[in-house]
Amino acid sequence: MDRAVVVVAAGSGTRLGIGTAKAFVPVAGTLMLARALEPLFALASPTLVVVVAPAALLDDCRQVVASVAGAAVAYTAVVPGGTDRHGSVEAGLAALPDSVTSVLVHDAARCLTPTVQFDRVFDAVAESLADGSPAGFVPALPVTDTVKRVDGDVVVETVDRAALVGVQTPQGFPLAALRQAYAVSSQSETDDAGVFQAAGGTVRSVPGDADAFKITTPWDLGRAESIVRARSGSPAPADTRVGLGVDVHAFDEAAPCRVGLLDFPGEAGLSGHSDGDAVAHAVCDALLSAGGLGDIGGTFGTSDPAYAGAAGDVFVRGAVGLLAEAGMVPVSVTVQVIGNRPRIGARRTEMQDALAAVVGAPVAVSGTTTDGLGFTGRGEGLAAIATAVVRAS
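Right, let's walk through the structure included here. (Residues numbered from 1 in each chain as written. Predicted model: local features only at pLDDT ≥ 70, side-chain atom pairs only at ≥ 80, totals over all residues. Heavy atoms only, no water.)

1. Considering the overall build of the protein
Part 1 of the argument: Scanning the protein for helices and strands turns up 12 helices and 19 strands.
Part 2 of the argument: Counting over 393 residues, the protein shows a buried share of 45%.
Part 3 of the argument: Restricting to contacts in the protein with at least 6 residues of sequence separation, those with at least 24 account for 72%.
Part 4 of the argument: Of the roughly 17800 Å² of accessible surface on the protein, 53% is carried by carbon and sulfur atoms.
Part 5 of the argument: For the protein, the separation between the mean place of its 26 positive charges and that of its 41 negative charges on side chains is 6 Å. (Helix = DSSP H or I, 4+ residues; strand = E, 2+ residues; numbered from the N terminus. Buried < 20%, exposed > 50% of the residue type's maximum accessible area, 1.4 Å probe, protein only. Contact = heavy atoms within 4.5 Å. Areas by Shrake-Rupley, 256 points an atom, 1.4 Å probe, with all protein chains shown as cover. Lys, Arg positive; Asp, Glu negative; His and termini not counted. Charge placed at Lys NZ, Arg CZ, Asp CG, Glu CD.)

So this is what it looks like as structure tokens:
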């Protein structure tokens, strides 16, 4: 992996006045962070995406990242931010492997930045490295308003705007040089290009985009929402369907424990003709239900020798394949695991990633107990409930 984007999403959003971290403010119904990440996963070349998040919201951030990245979630990481933007960028840079040569630093608050702007900056950095003249690059827009220099409320002179630009993100740099620049920075610079330039680096500009403005005030937020609504006016959304799946298995002390495509050594397994993976089976049923394709028992059988001991991914892949034959693809899946054991909290992200890789769409996993009530509360078995959203391909 030779390129990466550090997405700075640890800001408090005080000036926005909504009372939550800015990256978690909805923009026309979708979290700002999710909108900021979407263009990155449309890049043609594999790119490591590191999100710097508020320390108290790391788990929430990981869920957002996984839901947007889908099958590409292995190319992502989430790290806690610092006390200010300077510290947050340093934390993001520290998380990058040394194989990365080009890095872009992007503000999540510029959540409508198009994919082409990331491509433009990446290409410029790569060309500078190839030419042997490494430089930093910033997207810039020409200043169109007349600019005046004032002293108090007195206009002193008109400034020649031909030499002025408004700078945006992502800002791109050779990684090693940017790390060195931050190591010696006085923290007085206002942006990454300032840090880089103060350390002796050359910064050049590439064309910016009007939609890459920063959401800072309620007016900015309203403007962003208006742009999103205007964009969604066409085309009409594709046919979307929702399905539900439920599966229950009793514990079997003699069987290995496999839940959500993960092995849980030392835990009692689940009984069944296959591997008894209630989570995978519920996901399979939800996908089939959404596509109007029946259920797991009717499709794969409950005693077919071909599926004796089969792993849960066999059934999930089968459901995805049947959806494809019917002209549909998964959009997202959510699944809740109900039971006292195994404990999935520490492995939730791993389970989500494993399921998403098979489904081909984001999967969100949660867990709960029944406070000692029912067969799950008595520790007799495990249940899972899944919902799936699919659309016409």
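2. With respect to the nonpolar core
In globular proteins that are soluble, nonpolar side chains generally tend to be buried together.
Part 1 of the argument: By size, the foremost hydrophobic cluster in this structure holds 44 residues, and its most contacted members are L287 and V335.
Part 2 of the argument: Among the elements that line this core, the one with the most residues is helix α8 (residues 278-290), at 10 residues.
Part 3 of the argument: If near-sequence neighbours (up to four positions away) are discounted, V335 is found in contact with V279, V283, L355, V363, A364, V365, S366, A384, I385 and A386.
Part 4 of the argument: Listed in part, the 43 residues of the second largest apolar core include A9, L37, L58 and L221. (Core = buried A, V, L, I, M, F, W, Y, C linked by side-chain atoms within 4.5 Å.)

3. Comments concerning the sheet that holds strand β16 (residues 269-270)
Part 1 of the argument: Taken in spatial order, the five strands of this open sheet run β16-β13-β19-β17-β18, and their pairing is mixed. A strand with exactly one partner marks an edge of an open sheet, and here the two such strands are β16 and β18 (363-368).
Part 2 of the argument: Direction of pairing for strand β17 (residues 328-338) relative to β18: parallel, over a ladder of six bridges. Across the sheet, the residue bridging to V337 is G367, located in β18. (Pairing = 2+ DSSP bridges.)

4. Things to note about the pattern of salt bridges
Part 1 of the argument: Counted according to the given criterion, the structure contains 13 salt bridges.
Part 2 of the argument: Ionic pairing is found between D98 and R179, a salt bridge with its closest N-O pair at 3.0 Å. Placement of the pair is D98 in the loop between α3 (85-94) and β6 (102-107) and R179 in helix α5 (residues 175-183), with a sequence separation of 81 residues.
Part 3 of the argument: Exposure remark for D98: the relative accessible area of 68% places this residue in the exposed category.
Part 4 of the argument: Its relative accessible area of 25% is what places R179 among the partly exposed residues.
Part 5 of the argument: A salt bridge links R231 to D211; the nearest nitrogen and oxygen atoms lie 2.7 Å apart. Note that R231 is positioned in helix α7 (residues 218-231) and D211 in the loop between β12 (203-207) and α7, a separation of 20 residues in sequence.
Part 6 of the argument: Connected through shared salt-bridge partners, R85, D107 and D192 make up one network. (Salt bridge = Lys/Arg side-chain N within 4 Å of Asp/Glu carboxyl O.)

5. Overview of the environment of V259
Part 1 of the argument: Checked against the element boundaries, V259 lands in strand β14 (residues 258-259).
Part 2 of the argument: Each C-alpha atom, one on V259 and one on G269, is 8.6 Å from the other, the two residues being 10 residues apart in sequence.
Part 3 of the argument: With near-sequence residues (within four places) excluded, V259 lies in contact with F264, L270, D277, V279, P342, M351 and L382.

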